[in-house]
Protein chains: 2
Amino acid sequence: MEDYIKTIKSLSEKTRIRILALLHQARDACVSEIVDALQESQYNVSRHLKVLQNAGLVVGSKKGRWIYYQLNENQAHFKKMLLNAVKEISSEILKEDMERLQNRLAKRVNSQCIRGKTDYYNESYQ
Amino acid sequence: MEDYIKTIKSLSEKTRIRILALLHQARDACVSEIVDALQESQYNVSRHLKVLQNAGLVVGSKKGRWIYYQLNENQAHFKKMLLNAVKEISSEILKEDMERLQNRLAKRVNSQCIRGKTDYYNESYQ
DNA sequence: TTCACATATGCGTTATTATGCATATATTTT
DNA sequence: AAAATATATGCATAATAACGCATATGTGAA
């Protein structure tokens, strides 16, 4: 019972829904890419990812200095059903997030995350 | 977006999951019946029902002094999917709750909730 | 080996949610 | 009308969760 609740709780926060929406469409993303997409602080994104990971909804695989997160493919029926429900959520902010993520992913080199801040929306572009 | 989160949040609490499990199997139940089934305080059950109602997951219909709660049958796809996922939860406590509810429902007269405390588990039966 | 960057986390603060108790409101029975 | 019962809710407190900041750890680059 406690694990069911834990899983649902992990889904009951906006930032985490935003992260899942990204991972659902993007296959994988590393923390800095998610930070750029959500325009949230690094430590918050990192912490929310941890909550999702503890709930077994996402997994991270470390490659060099980056950790690529993606949806956990093999999980219990219950969690799959929840993720399918969450998939249904549509919202303006999710579209904007995804657009920013696509911009950021487009800058990958050899399918690898690139170094440094690349936010196209920050002060260096104004 | 906020409404999606609100709905998920309403599902992220144990008492509310227990209530939904009851309503899923029992078609309807009034507050005092749920109180007996869960062995929880009346005010807590009442408040948790309100959260579920605000999330649009349950509806209550008043008949005389009782309010019969049931799952909201006509709701958005997203909420249906969530409820279907929650339906999958199986746990010892849910079975016990259901057993107590059945005992209590069996005491209905003309399909109507009866008056007074009938907890078969309380001190008057020991 | 020093530096820059990627990610995680401890600590204190704030915000949100749940709970206990008392009590209010509504309805039915006597 | 008075008493009993069903349900809801205001208020204070306790328990959780989120956040901001600083900083630690790990890794690759210079």
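**Details of the sheet that holds strand 3 (residues 66-71) of chain B**
All names here are of chain B.
Okay, step 1: Taken together, the three strands give an open sheet; going across it, the order is 1-3-2, and neighbouring strands pair in antiparallel fashion. Two strands close off the open sheet at either side, each with one partner strand: strand 1 (29-30) and strand 2 (58-63).
Okay, step 2: Along the sheet, helix 2 (residues 14-26) contacts strand 1, strand 2 and strand 3; its crossing angle with strand 3, the most-contacted strand, is approximately 85 degrees.

**Concerning the sheet that holds strand 2 (residues 58-63) of chain A**
All names here are of chain A.
Okay, step 1: As summarised here, the arrangement of the three strands in space is 1-3-2, forming an open sheet in which the pairing is antiparallel. Strand pairing shows two members of the sheet lacking a second neighbour, strand 1 (29-30) and strand 2, which therefore form its edges.
Okay, step 2: Sheet topology places strand 2 next to strand 3 (residues 66-71); six bridges connect them, and they run antiparallel. The residue bridging Ser61 from the neighbouring strand is Tyr68, located in strand 3.
Okay, step 3: With respect to the sheet, helix 2 (residues 14-26) is in contact with strand 1, strand 2 and strand 3, its orientation differing from that of strand 3 by roughly 85 degrees.

**Section: the protein's contact with DNA strand C**
Okay, step 1: Near DNA strand C you find 25 residues, and of these Ser32, Ser46, Lys50 and Tyr69 of chain A together with His48 of chain B are the closest.
Okay, step 2: The contact atoms of DNA strand C, taken as those within 4 Å of the protein, divide so that sugar and phosphate hold 67%.
Okay, step 3: Interatomic distance of 2.4 Å between a side-chain N/O atom of Tyr69 of chain A and a phosphate oxygen of DNA strand C.
Okay, step 4: One of the side-chain N or O atoms of His48 of chain B is found 2.7 Å from a phosphate oxygen in DNA strand C.
Okay, step 5: Of all elements in the fold, only helix 3 (31-38), helix 4 (42-54) and strand 3 of chain A together with helix 4 (42-54) of chain B reach the threshold of two or more residues within the surface near DNA strand C.
Okay, step 6: Of the residues forming the surface near DNA strand C, the biggest block, five residues, is contributed by helix 4 of chain A.
Okay, step 7: In terms of residue class, the surface near DNA strand C is made up of eight nonpolar, seven polar and 10 charged.

**Considerations on the relation of the copies chain A and chain B**
Okay, step 1: The transform that puts chain A on chain B rotates by 180 degrees and translates by 0.0 Å along the axis, for an RMSD of 0.0 Å. Seen this way, the second copy is the image of the first under a two-fold rotation axis.
Okay, step 2: Both copies share a contact surface, since 96% of the interface residues of chain A are interface residues in chain B too.

**A word on the protein's contact with DNA strand D**
Okay, step 1: Taken together, 25 residues lie near DNA strand D, and Tyr43 of chain A together with Ser32, Ser46, Lys50 and Tyr69 of chain B sit nearest.
Okay, step 2: Residue Arg47 of chain A places a side-chain N or O atom 2.9 Å away from a base oxygen belonging to DNA strand D.
Okay, step 3: Tyr69 of chain B has a polar side-chain atom sitting 2.4 Å from a phosphate oxygen of DNA strand D.
Okay, step 4: If you list the elements that add at least two residues to the surface near DNA strand D, you get helix 4 of chain A together with helix 3 (31-38), helix 4 and strand 3 of chain B.
Okay, step 5: Looking at the surface near DNA strand D, the element that brings in the most residues is helix 4 of chain B, giving five residues.
Okay, step 6: Counted by class, the surface near DNA strand D contains eight nonpolar, seven polar and 10 charged residues.

**A look at helix 2 of chain A**
All names here are of chain A.
Okay, step 1: In this model, helix 2 (13 residues) spans 18 Å end to end at C-alpha, consistent with the 18 Å of a helix rising 1.5 Å per residue.
Okay, step 2: Among the 13 residues of helix 2, 10 are classified as buried, and the element is accordingly described as predominantly covered.
Okay, step 3: Within helix 2, the full set of buried residues consists of Thr15, Arg16, Ile17, Arg18, Ile19, Leu20, Ala21, Leu22, Leu23 and Ala26.
Okay, step 4: Sitting at the head of helix 2, Glu13 places a side-chain oxygen 2.8 Å from the backbone nitrogen of Thr15.
Okay, step 5: Phi for Arg27, located one or two positions after helix 2, is positive at around 75 degrees.

**Regarding the pairing of strand 3 of chain A**
Looking along a regular strand, one sees the side chains alternate between the two faces of the sheet.
All names here are of chain A.
Okay, step 1: In this structure, strand 1 lies alongside strand 3, joined through two bridges in antiparallel fashion. In the sheet register, Ala29 faces strand 3, and the bridge partner there is Tyr69.
Okay, step 2: Counting the residues between successive antiparallel strands, the hairpin from strand 2 to strand 3 contains two residues, one of them, Gly64, with a positive phi of roughly 65 degrees.

Calculation criteria
Position numbers for residues start from 1 in each chain and track the written sequence from start to end. The naming scheme follows written order: chains are lettered A onward, ligands numbered 1 onward. pLDDT decides what is reported in this predicted model: residues at 70 or higher carry local features, side-chain atom pairs at 80 or more are listed and counted, and totals for whole chains, interfaces and linings draw on all residues regardless. Processing note: side-chain calculations cover all non-hydrogen atoms of the structure and skip hydrogens and water entirely. Whether two strands pair depends on DSSP finding at least two bridges between them. Where helices and strands are cited, they refer to DSSP runs of H or I of at least four residues and of E of at least two residues respectively, numbered from the N terminus. Only heavy atoms matter for contacts: two residues are in contact if any of them lie within 4.5 Å across the pair. Here the axes come from fitting lines to C-alpha atoms, over the contacting stretch only for helices, and the angles between their N-to-C directions go from 0 to 180 degrees. Any residue with at least one heavy atom within 4 Å of a molecule or strand is counted as near it. We call two N or O atoms a polar contact when they sit within 3.5 Å, provided that within protein one can donate a hydrogen and the other can accept it, with sequence-adjacent residues counted only if both atoms are side-chain atoms. Residues are sorted three ways: Asp, Glu, Lys and Arg are charged, Ala, Val, Leu, Ile, Met, Phe, Trp, Tyr, Cys and Pro are nonpolar, and all the rest, Gly among them, are polar. Least-squares fitting of one copy onto the other uses the C-alpha atoms of those residues that reach a pLDDT of at least 70 in both copies. A helix is expected to span 1.5 Å multiplied by its residue count minus one. Three exposure classes are used, based on accessible area relative to the maximum for each residue type with a 1.4 Å probe and protein chains only: buried under 20%, partly exposed in between, and exposed over 50%.

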